[in-house]
Structure formats: structure tokens, C-alpha cells
Amino acid sequence: MSLVTLFLFQVAAFASTYRCTISKHSSTRMRVLTMTAPVGDLFAGQDEERNAQLQLLRRSFLAPTEQVQAPPPTAARSIGLYHDLPSTRWSFEILPHHRKVLNVFQPQYTLMFEKLLATPEPWLYAHVLLPGGVENLANPEYELRPGTKAPLHGTLMQIVAVKREVDSRLTLLVQGLARGYVTRSTQALPYARMDFVILPDDEQLVANARRVSHAWEAQSSRALRRRLLCAASAAEEVHWRAYEHANTTLQLSLCQVETALAEPTARNERAAIDASLASTMPSAAGTAAATAAAAAAEEGVRRCWCGRGRR
Amino acid sequence: MLDALERALDTAADPAEPVEVEAEWALSVLEVQVWLELDHLLRTLARLRGAGNQAPVPTQLLGLLPPPPASGWPTDFALSGMSTQLRERFEGARSEGEGAAFGSAFDFVPVDLAHYPSRRRAQRLSWAVWAVIGGEGVRLQPLLEVQSTSDRLRLALRRMRDVRQSLEA
């Protein structure tokens, strides 16, 4: 096959969209999808009451118990750190802003995703390249720590759509949200879990560093300013997520933007970042500022959604 | 990570460092270069396929096309015309009131040039362009390890130039 043909194949594969048979709820914000199976019980899997009971049972089995449940990770999340995130380690990379259909058949990953799906949305996890794939999951040379052969940079991922197959496989549509780095491995087997921090690009850090310097320089130490910078950058990332990773279609290989959210997202960006900065400040003044900024951001979002509802 | 944070704080605190406007201008120049190179590559592909053949248009990606540079797009820049056509079609459907979720019917959904920050648009392009120029055997891990949007755009430029030169050889 010539290079022209090969490259054309790549472009054409991108240009043509893949098809999913997953049906979607009417709300574009909803990420839970109708799950149907071609065969099943006496009602061919269409008995909604039975399906709901099964779903409840499945969740009660898979969800973490109160004893082991971690406290709400608000403080860490506000600086872009995701504690004990489940992770896929396969022999390919997934980039931010890209989407991929996964055929999950390996038992450990079926378990991982089922456990994740039993928790409330958003269903976030990390994906990190593992040369050699699953066979190297237990290989000490590929342990998730500096100095091994394991890459530590990866992608924060979100599950967009789910279909449970009759043979217990999962078909998932996932999308990459942001670049990140494994700061600590919290579990190696049967699948990896890790502390994962999102890594904003230098340009984003510089823009937010100016914001931090202007607002807080006089009051904060260098260490606190670093923390504030992480918070501002993480807040920017999260704030644009709904616009940049809209869930309006299941058919594209790149994430699509939510047109209606551009203006309100831009308008409320500053308030969202200020709220995050204020909540990261440890002082009482910070708490008061956080409350005020959060109220302003919430008001902005409320106006935005009320406005959308009226149109 | 710590280095990147320290560097950013130093840059922000140093009045001698280029201001944000300058940094964004440099990024937008790189962004335009990527589009020009992509256009060149697609035209090369179309030419090599022979008369009457066109290279596939990456419609999903075209939604990220920025406004023309100050000097305008070159006259042979084909992606601009395609983007304009798609944008008109999209705006037409939008004005017919298909609702907030009308984007689901289109591969092409343009970013809002008035409200979406140009820095984030360039950052998104630096990832999205690899859907077109990546492919079998292309290592994507280095993209996750470079620390800036500019460097990732430079990697995209290098990749496209390498492919085009191989095609033309």
C-alpha cells in the first residue's frame, strides 16, 4: 500500500463518522443511555421495572460501602488533583478532545467500568499508555512510578455513553478531557488506580499566573501562589468543559462544542475562576470571598440556564 | 509540574516578559501556520490522486478555523472556502430554529469566534489536528509530554511537512 493510500485512509477514516447503535435520552445534558439487549428475559429485556430492580442490585453490589468511601474530594479537585482515580492502561494513547469507542471485554476492566458506572456522574477515569498492554499490568518494570518504563503522562477521560452487551462486554464511548500526570499509584491490580493531576499548558499557566499575581500577590506566599495558580487553571479547565465537550452526538471522533454555551461560559469565566481562587485561600477572608464569588458564579449560571429555558 | 508553575509565576511577575497579547499573537501565528500546512497537505493529496479527485475534507476539524490573518488567507487556501460554505449551512439550520441540540445533525459545528478564547481554540487544535495527521505507527505519547500548546503545534507542523515531503518524493 502506498503512502498516499495509507494517508488517505487515515483522513477518510477521520472524515467518515462511526455509527453507534446506542439510543440516547432526549436531554443533551444526560449522559445515561438506554441500555437494551437483543435477548434476555421473557420480555426481551424490555421490562422496565425488572431492569430498574436489576440496576439497583448491581449498584448496591458495586458501589463503595460507607466504611471505605473517601470523603468528598472537593479541595483536591479544586487544584486539579483527582485522588485514587480508576485507570485504564492499554497499548494506545487517547488524546484530549478526542473520542473513542471502547470494546471492554477484559474482566478487570469490565469490573473497573461497572464499579465506576455504579457511582454518580460524571464518570471520570484516567487513561495512561502501557507499552505491551494488559500483559504488562503486573510487570514491575512498568510500575506506575518515576524511573520505570511506564509513561506517567496520560489523559483525564469521561464516559459519554454506555451499552451493556449480552455477553457482559461493555461498549463505551469515551472522550479525553485534559492532559495529566500520575503523581502516585494507589493500586496496581487487577486494574490501576492513581492520584492524577491535570497539567495545564504553559500558555494557560502564564495567563492564570497573571490573574493570581494581580489579585493575591501581596497576601500570599510563593507556595500558596503555586496552589492558587493550580486552582485557577483547574477552574478554567472545568469551566469550559461543558462547552468544549458537549454530548450532542454519538457519531464523531472529536468532541463537539455546545454552541449555546459559548457566550455564557465566556461571561462567567472570571467569576468561576475567582470563586475557585477564593475557596483555595485558607483564611477567613478567603472563605468570605469564596462565598461571594461562588454566589456570583452561581447567579451567572442560573441566569444562563433560565435564559436558555425561555428561548 | 512544579517547574512549570514556578516559570509561569516568574513570567507573570516580570514586567520585562512579553505581555499576554504578544504571547497570544505568537500562538495565533503558529495556529495559522498549521492551517496553511494542512491545506497544502490536502491539496498535495488531491493532486497525487489525479485529476477530478479531491482529498476528503476534515469537516469536524474545520469548525476550529480561526478568522483570517491580517494579510488574509492566501488565494489558493481551499479550506477557507469550504469552512465558509459549511458555516453558512450551519447558520442557516440554526436560524430555522432547530434548537440547542441542532449541532447533533452536523459533523461541522464551528467554535464561537467572538466568545471562545483564541488561546483555548489553539490548544484544542493542537490536539484535534492529530485526528487527521496521526494514524498507524504515529506515537502520540510525546504530545502528552510536551508542556505547551506552541510545542504541540510545532510537532503537528513537523509531522505534516514530513508527510508531504514523503508524498512528493
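The rules we used
Residues numbered from 1 in each chain as written. Chains lettered and ligands numbered in written order. Predicted model: local features only at pLDDT ≥ 70, side-chain atom pairs only at ≥ 80, totals over all residues. Helix = DSSP H or I, 4+ residues; strand = E, 2+ residues; numbered from the N terminus. Buried ≥ 20, exposed ≤ 12 C-beta atoms within 10 Å, placed from the backbone. Contact = placed C-beta atoms within 7 Å. Nonpolar A, V, L, I, M, F, W, Y, C, P; charged D, E, K, R; others polar. Domains from an automatic or database assignment. Arc of directions from axis to C-beta. pLDDT = per-residue confidence, 0-100. Core = buried A, V, L, I, M, F, W, Y, C linked by C-beta atoms within 7 Å.

## Points about the overall build of chain B
Per the secondary structure count, chain B includes 8 helices and 0 strands. From first element to last, N terminus to C terminus, chain B shows the α and β order α-α-α-α-α-α-α-α. Each of the 169 residues in chain B was classed as buried or not, and the buried ones make up 33%. Residue pairs at least 24 apart in sequence account for 72% of intrachain contacts in chain B once pairs closer than 6 positions are excluded.

## Concerning the interface of chain B and chain A
The interface of chain B with chain A comprises 51 residues on the first partner and 55 residues on the second. Here the side of chain B that touches chain A gets 7 residues from one element, more than from any other, and that element is helix α1 (residues 2-13) of chain B. In terms of residue class, the side of chain B that touches chain A is made up of 30 nonpolar, 14 polar and 7 charged.

## Digging into the domain arrangement of chain A
Residues and elements named next belong to chain A. Per the domain assignment, the segments making up chain A are domain 1 (73-198) and domain 2 (202-310). Elements with a minimum of two residues in the side of domain 1 that touches domain 2: β6 (153-164) and β7 (170-187). The dominant element in the side of domain 1 that touches domain 2, judged by the number of residues it contributes, is β7, at 4 residues. Of the residues contributing to the side of domain 1 that touches domain 2, the split by class is 7 nonpolar, 6 polar and 1 charged.

## Some remarks on the environment of A:T249
By the element assignment, A:T249 lies in the loop between α7 (241-244) and α8 (262-280). For the pair formed by A:T249 and A:Q106, sequence separation is 143 residues and the distance between their alpha carbons is 27 Å.

## So, helix α4 (residues 107-117) of chain A
Residue and element names in this part refer to chain A. Burial in α4 covers these residues: Y109, M112, F113 and L117. Projected onto a plane normal to the axis of α4, the buried residues spread over an arc of 130° and lie on a single side. Contact partners of the buried residues in α4: β3 (81-90), β4 (99-104), β6 and β7.

## With respect to the confidence of the model for chain B
Mean pLDDT over chain B works out to 86, with 89% of the residues at or above the 70 mark. Across the interface, the model reports ipTM at 0.90; the global pTM reads 0.82.

## Digging into the nonpolar core
Across soluble globular proteins, you tend to see nonpolar side chains buried next to one another. If you look at the biggest cluster of nonpolar residues, it comprises 102 residues, and the most contacted ones within it are A:L172, A:L229 and B:V129. Here this core gets 8 residues from one element, more than from any other, and that element is helix α2 (residues 20-49) of chain B. The two domains that each donate at least three residues to this core are domain 1 (73-198) and domain 2 (202-310) of chain A. Apart from the residues lying within four places of it in its own chain, the contact partners of A:L229 are A:L205, A:N208, A:A209, A:V212, B:L5, B:A8 and B:L9.

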